[in-house]
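Residues per chain, in single letters:
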Amino acid sequence: MKISFVGNYQYSCGSSNALLGYIKAGKLLGYDVRVSEFGYIDETIRKIIPVAPRSWNVDILVIVYESYPFLSEVDLDQIIKHIPRSKILIIDPDGKYHEPCVFEDDTNHSTSDSYEYWTKLYDSLSDKVLQPTLDKITKNNIYKFIYFGIDNNQFESIKKDFDLLYVGNNWHRWDDIYNLTNSISSIRRQLKKVAVMGNYWDGNNMKGYEKVTNSDPDFLKVNNIEIIKPAPYGRVETSMSRALTNPIFVRPILNKLKLVTPRMFETFAANTVPVIPEYFSHAVELYGDTVKELVLSNENILMILQDYKKYLDISRGIRNKLMTEHSYQVRLKELIKFV
């Protein structure tokens, strides 16, 4: 079976790490999984992931749309002309195929014509839109498919450099880091190194997306929060494992729609203790009741650091559950059933 993924694949983005998970799963299951020339593939990924030409005769073409429509009209015309729509699956991780929804000044549709635009785009390509949601499905063409998964590598012997580390780009994340920084200010002297690792924490913005990549590096510096460059490709979990604890943050609209993100799995795959914010509404549904002991607060961070083995055992118990139910091999087997 030939499976090709189309996306905006930059090495420091979450879906690029998921792509690597599917490639590894394909090798184990005997499927030919590649990244497609139809999308954007940066040079780092091209060196690691096999690339399929536009002419490749695929059994499944998976188009992963995140944040903005990266495919040109020429790309879309070629896909429509050469690949039957029955072989095309759309992944909708940001809820663009969902009706307009607003939550805490965040929305899945930032303009009045966005919903109509995305619906028309998806409908022109496929009859199946797959959403990584735990919520109820309310639209005929939407199918529930978690899409993201967990890697089965082990990261047990990595040196701890930080007490608290957030690994991820500043994409709708500044409020989370700002609130976290303020909340730990009373215990900051009891913590050793604290850092954020990723793009757009240093005051530089993504052009056209200045609002959602806004940051205040001076505020971080005053509060002794270190800024580190993004994790190398394929080493997100390794980077997380450098810290005793790692928070999992969820963009407000994704939380409202109960959408699952790659970070929700990667953090538990790492050799660290994940801590989750109280607002993470579908955490128990995803992880089980024991995740309640990992809620992010000043008291919990200190309790975790003081009795680390106990909380590491709790996180490993959750990891084992995720490995069984959400490995990329499980995901790939689920994916092919949609075609």
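Residues numbered from 1 in each chain as written. Predicted model: local features only at pLDDT ≥ 70, side-chain atom pairs only at ≥ 80, totals over all residues. Heavy atoms only, no water.

A. Spatial organisation of the pattern of salt bridges. Applying the stated criterion to the full structure yields 15 salt bridges. Two residues, D127 and R85, come together in a salt bridge whose shortest N-O distance is 2.8 Å. One end of the pair, D127, is in the loop between α4 (114-125) and β10 (129-131); the other, R85, is in the loop between α3 (73-82) and β7 (88-91), and 42 residues separate them in sequence. The exposure class assigned to R85 is partly exposed, which follows from its relative accessible area of 33%. Residues E285 and K258 are paired through a salt bridge, measuring 3.5 Å at the closest nitrogen-oxygen approach. Within this pair, whereas E285 is found in helix α10 (residues 283-287), its partner K258 is found in the loop between α8 (252-256) and α9 (263-269), the two being separated by 27 residues in sequence. Taking the relative accessible area as the measure of exposure, E285 reaches 46% and is therefore partly exposed. Overall, the relative accessible area of 25% leaves K258 in the partly exposed class. (Salt bridge = Lys/Arg side-chain N within 4 Å of Asp/Glu carboxyl O. Helix = DSSP H or I, 4+ residues; strand = E, 2+ residues; numbered from the N terminus. Buried < 20%, exposed > 50% of the residue type's maximum accessible area, 1.4 Å probe, protein only.)

B. Molecular detail of the nonpolar core. Among the nonpolar cores identified, the biggest contains 81 residues, and F5, L19, Y22, Y147, Y287 and L335 are the most heavily contacted of them. Element by element, the count of residues in this core is highest for helix α12 (residues 308-326), at seven residues. In contact with Y22, not counting residues within four places along its chain, are F5, V33, F145, Y147, Y328, R331, L332 and L335. Counting 22 residues, the second-largest nonpolar core is a separate cluster that includes V58, L61, Y122 and I142. (Core = buried A, V, L, I, M, F, W, Y, C linked by side-chain atoms within 4.5 Å. Contact = heavy atoms within 4.5 Å.)

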